Amino acid sequence: MPAPFLMTTKGKGAPKVEKGKPDPAKLLKGKYLTQTWNHWTGEDDRLYCGIWESTPGKVTCEYSEWEFCHIISGEVILTEEGKKKGHRFKKGDGFIIPAGFKGTWETVKKVKKHYVILMPKG
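Okay, so let's go over this structure. (Residues numbered from 1 in each chain as written. Predicted model: local features only at pLDDT ≥ 70, side-chain atom pairs only at ≥ 80, totals over all residues. Heavy atoms only, no water.)

## A closer look at the pattern of salt bridges
We count it as follows: Whenever Lys or Arg places a side-chain nitrogen within 4 Å of a carboxyl oxygen from Asp or Glu, that contact is recorded as a salt bridge. Per the convention used, a helix needs a DSSP run of H or I reaching at least four residues, while a strand needs a run of E reaching at least two, with both numbered from the N terminus. Buried residues are those whose accessible area, probed at 1.4 Å on protein chains only, stays under 20% of the maximum for their type, while exposed residues exceed 50% and partly exposed ones sit between those limits.
In this structure the tally under the stated criterion is seven salt bridges. Lysine 102 is paired through a salt bridge with glutamate 62; the nearest N and O atoms lie 3.9 Å apart. With lysine 102 in strand E9 (residues 102-118) and glutamate 62 in strand E5 (residues 57-62), this residue pair connects regions lying 40 residues apart in the sequence. The class of lysine 102 is partly exposed, set by a relative accessible area of 37%. The exposure class assigned to glutamate 62 is exposed, which follows from its relative accessible area of 58%. A salt bridge links arginine 88 to glutamate 75; the nearest nitrogen and oxygen atoms lie 2.1 Å apart. Here arginine 88 is found in strand E7 (residues 87-90), whereas its partner glutamate 75 is found in strand E6 (residues 66-80), with 13 residues between them in sequence.

Below, the structure is given as structure tokens:
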């Protein structure tokens, strides 16, 4: 039976970092360079858990998956498509992005978050 483990970005137990850049067609401002440390993949490759971070920037996004986020540091604004005012999240905040969300993700201050992603079936 697997044992609990600490999610970390450095040292023993830290997975290899995956570095990313946004699709230029989705980048609205900034650089939005990302790093992901995926600690767990399960449920027939539908469940992902780990730590993610991003430099400041703003991108369009469309979620087919469900995601829980907990902000470790930094600040983000998620704005629903067609809305002017977004939802601001900062250190200590936890929130859910439901499948079907369309809008923008803006990293205002370099952000680091825990994530749990559940991909759709099929």
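And the narrative resumes.
## Brief notes about the environment of phenylalanine 101
Note the cut-off: In what follows, a contact means two residues having at least one pair of non-hydrogen atoms within 4.5 Å.
Tracing the chain through its elements places phenylalanine 101 in the loop between strand E8 (94-97) and E9. In this structure phenylalanine 101 comes out as buried when scored by relative accessible area, which is 12%. If sequence neighbours within four positions are ignored, phenylalanine 101 has contacts with Cys61, Glu62, Tyr63, Leu78, Thr79 and Glu80.

## Some thoughts on unusual backbone geometry
Phi is positive for tyrosine 32, which is not a glycine, with a value near 55 degrees. With respect to the helices and strands, the residue tyrosine 32 is situated in the loop between strand E2 (27-30) and strand E3 (34-42). Here tyrosine 32 falls in the buried class, since its relative accessible area comes to 11%. At aspartate 45, a position not held by glycine, the phi torsion is positive, near 60 degrees. Checked against the element boundaries, aspartate 45 lands in the loop between E3 and strand E4 (47-54). The exposed category is assigned to aspartate 45, whose relative accessible area is 52%.

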